[in-house]
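Coordinate analysis (summary)
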Amino acid sequence: MILTIDEVNDLLDEMAEEFPAVLFDELNGGVNLLEEAVPDPEFPEGEMYILGEYCDDLLGRYINLYYGSFAALAEREDWDRETWEDELYTTLSHELTHHMEGRGGLHALDDRDAAELAAWRAELEQQEE
């Protein structure tokens, strides 16, 4: 099942209301749902997608979530509505954690993300052999 971008936007709005408001402090650019799919350039095309990212740059602090990436995975893996909700909630939680760690000068989640990506790369290389 493929949800429309408007349906996903509504779900994200509902989910954001479930989080404590303090998590959004200093997130001056908010949470943005962008239309594009973003394949991870470190993996073969279509193998891995970037679902979201926390940004802290000249434009401020903000979270981008990529509707097209979610939709590509939903199509490939035949998601139902519950899976959409789980993936959106998990990704939003993950990016808010990056925001909170960034505010506190921490990087534990960045380290964990890097370790997981390295493990996925190693697994993919083994499959190719």
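Check the entry above for the structure.
Residues numbered from 1 in each chain as written. Predicted model: local features only at pLDDT ≥ 70, side-chain atom pairs only at ≥ 80, totals over all residues. Heavy atoms only, no water.

Let us look at the packing of helix H2 (residues 67-77) against helix H3 (residues 81-104). At their nearest, the axes of H2 and H3 sit 11 Å apart, and the two run at 140° to each other. Considered as vectors, H2 and H3 are oriented oblique to each other. Remark: the crossing between H2 and H3 carries right-handed chirality. From H2, Tyr67, Phe70, Ala71 and Ala74 reach across to H3, where they touch Trp84, Glu87, Leu88 and Thr91. Taken together, the residues of the contact of H2 with H3 break down into 6 nonpolar, 1 polar and 1 charged. (Axes fitted to C-alpha atoms, helices over the stretch in contact; angles between N-to-C directions. Helix = DSSP H or I, 4+ residues; strand = E, 2+ residues; numbered from the N terminus. Parallel < 35°, antiparallel > 145°, perpendicular 65-115°, else oblique. Left-handed = near helix turned anticlockwise from the far one by under 90°. Contact = heavy atoms within 4.5 Å. Nonpolar A, V, L, I, M, F, W, Y, C, P; charged D, E, K, R; others polar.)

So, on to the layout of surface pockets. In this structure, the largest pocket occupies an estimated 790 Å³ of space. Lining of the largest pocket is provided by 26 residues; of these, Gly52, His94, Glu95, Asp113 and Trp120 occupy positions nearest its centre. Mapped onto the lining of the largest pocket, the elements with two or more residues apiece are strand S2 (52-57), H2, H3 and helix H4 (108-128). The leading source of residues in the lining of the largest pocket is H4, at 7 residues. Of the residues in the lining of the largest pocket, the class split is 10 nonpolar, 5 polar and 11 charged. (1 Å grid on protein atoms, 1.4 Å probe; cavity = no way out; pocket = protein on both sides within 12 Å on 5 of 7 lines; lining within 4 Å. Points joined across faces, edges and corners; volume = space filled by probe spheres on them.)

What follows covers the packing of helix H1 (residues 5-18) against H3. The interhelical angle for the contact between H1 and H3, taken along N-to-C directions, is 55°, at an axis separation of 10 Å. In terms of orientation, H1 and H3 fall into the oblique class. As for the relative orientation of H1 and H3, their crossing is right-handed in sense. Residue-level contacts link Val8, Leu11, Leu12, Met15, Ala16 and Glu18 of H1 to Arg81, Trp84, Glu85, Leu88, Tyr89 and Leu92 of H3.

The next thing to look at is the sheet that holds strand S1 (residues 31-34). In space, the 3 strands of this open sheet follow the order S1-S3-S2, with mixed pairing throughout. Pairing within the sheet leaves two strands with one partner each, and these edge strands are S1 and S2. The average undirected angle you get between the axes of adjacent strands in this sheet is 25°. Where S2 meets strand S3 (residues 60-66), 6 bridges bridge the pair, whose relative direction is antiparallel. (Pairing = 2+ DSSP bridges.)

From the geometry alone we can't say anything about function, so treat these as descriptive.
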